[in-house]
Amino acid sequence: MIDIHNHILPGVDDGAKEMEQSVAMARIAEKDGITDIIATPHITDPHLTVEEINSRVALLNRELAANNIGVRIHAGAEIPFSMLDNRSCRIGLAGSKNLLVELPVHCIPSQAARLFRLIKSEGYTVIIAHPERNMSVNRNVERLVTLLGPGVMAQITADSLIGRMGEPARACARYLVKKGAATFIATDAHNDSTRPPLLSPALSAIRTVKNIRAKKLVLDNPLQYIGLTDTV
Ligand SMILES: [Fe+2]
């Protein structure tokens, strides 16, 4: 499986605190059947450039190899919606032009559709991170659905599907999966304890959803839309 949203890079955001914790997270992921993780630190800090992320990813890959952990880390970023205008913040997943974008918690900004159109015209694709946790989407999921289409996809967080993010997020995530509106499931892991990198509990939770081949959301779609052609 491929995890496209994970805060495994140590010491850069509210994810892994130090290398030891990153290694512990990778061990959990490997045991769960995850082979590849895209490290997606929040890029609210302007010093966190693509070069800086790449070099930290290389360091982490060396550490995992030294510990005989069979998980490859790829570079990426989680981009706040408010920073999409800034071209230097458009850091894609695993060297691709797919941008993982985080909406504000409370609303869908009125300029979202226009900005996504602009981004697409510049050759990028938008992946909306965990829309099921957005309060406006919770109240009216169709507001999200109208934004989705070619070039704009949704990533559901695994913990939402098992109810760890509250009932509104669980119901919304399940609805999006059932409707076929979710393209990816990812862990959005932050540590090795309260928010660990696990996908399989969520896959078990959606086994009862008709016509869904759960593995598509954690393997086929990441390969199809993102690919993992960056050198790691
Ligand atoms: Fe995240």
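From a predicted model like this one, the values you see are computed outputs, not experimental measurements. (Residues numbered from 1 in each chain as written. Predicted model: local features only at pLDDT ≥ 70, side-chain atom pairs only at ≥ 80, totals over all residues.)

### Quick notes on the environment of A182
With respect to the helices, strands and loops of the structure, A182 is situated in the loop between α7 (167-179) and β8 (184-186). Among the residues examined, A182 registers 24 C-beta atoms within 10 Å and is labelled buried. The contacts of A182, once residues within four sequence positions are left out, are A154, I156, L176, V177 and L217. (Helix = DSSP H or I, 4+ residues; strand = E, 2+ residues; numbered from the N terminus. Buried ≥ 20, exposed ≤ 12 C-beta atoms within 10 Å, placed from the backbone. Contact = placed C-beta atoms within 7 Å.)

### Points about the sheet that holds strand β7 (residues 152-157)
What the 5 strands build is an open sheet, ordered β4-β5-β6-β7-β8; its pairing is parallel. Edge positions in the sheet fall to β4 (78-80) and β8, since each has one partner strand and no second. Strand-to-strand twist in this sheet, taken as the mean axis angle between neighbours without regard to direction, amounts to 35°. As defined by bridge partners, strand β6 (residues 125-129) adjoins β7 across 4 bridges and the pair is classed as parallel. By the bridge assignment for β7, A129 is matched with Q155. (Pairing = 2+ DSSP bridges. Axes fitted to C-alpha atoms, helices over the stretch in contact; angles between N-to-C directions.)

### Let's talk about helix α2 (residues 50-66)
Between its terminal C-alpha atoms α2 stretches 24 Å, which fits the 24 Å expected from 17 residues at 1.5 Å a residue. Along its buried surface, α2 packs onto α1 (19-32), β2 (36-39) and β3 (72-75). Phi turns positive, to about 55°, at N68, one or two residues after α2. (Expected span 1.5 Å × (residues − 1).)

### Some words on the environment of S88
Residue position: S88 is located in the loop between β4 and β5 (98-102). Owing to 10 C-beta atoms within 10 Å, S88 belongs among the exposed residues under this scheme.

### Here we look at the nonpolar core
I8, V101, I185 and L199 are the most contacted members of the largest nonpolar core, which totals 66 residues. With 5 residues, α7 is the largest single contributor of residues to this core. Beyond its immediate chain neighbours, meaning those up to four positions away, I185 contacts I156, A158, L199, A202, L217 and V218. (Core = buried A, V, L, I, M, F, W, Y, C linked by C-beta atoms within 7 Å.)

### Topic: the sheet that holds strand β1 (residues 2-6)
Strand order across the open sheet formed by 3 strands is β1-β2-β3, with parallel pairing between neighbours. For this open sheet the edge positions go to β1 and β3, each flanked by a neighbour on one side alone. Strand-to-strand twist of the sheet, defined as the mean angle between neighbouring strand axes without regard to direction, takes the value 25°. Examined bridge by bridge, β1 and β2 share 3 bridges and lie parallel to one another. Of the residues in β2, the one forming a bridge with D3 is I37. Where α2 meets the sheet, it contacts β2 and β3, and its direction lies at approximately 180° from that of β3.

### Details of α1
Its 14 residues place the ends of α1 20 Å apart at the C-alpha level, agreeing with the 20 Å of an ideal helix rising 1.5 Å per residue. Residues of α1 that are buried include every one of S22, V23, M25, A26 and A29, and no others. The buried residues of α1 occupy an angular sector of 160° when projected down its axis, which confines them to one face. In this structure, the buried side of α1 is in contact with β1, β2 and α2. Of the residues flanking the end of α1, it is G33, one or two places downstream, whose phi is positive at about 100°. (Arc of directions from axis to C-beta.)

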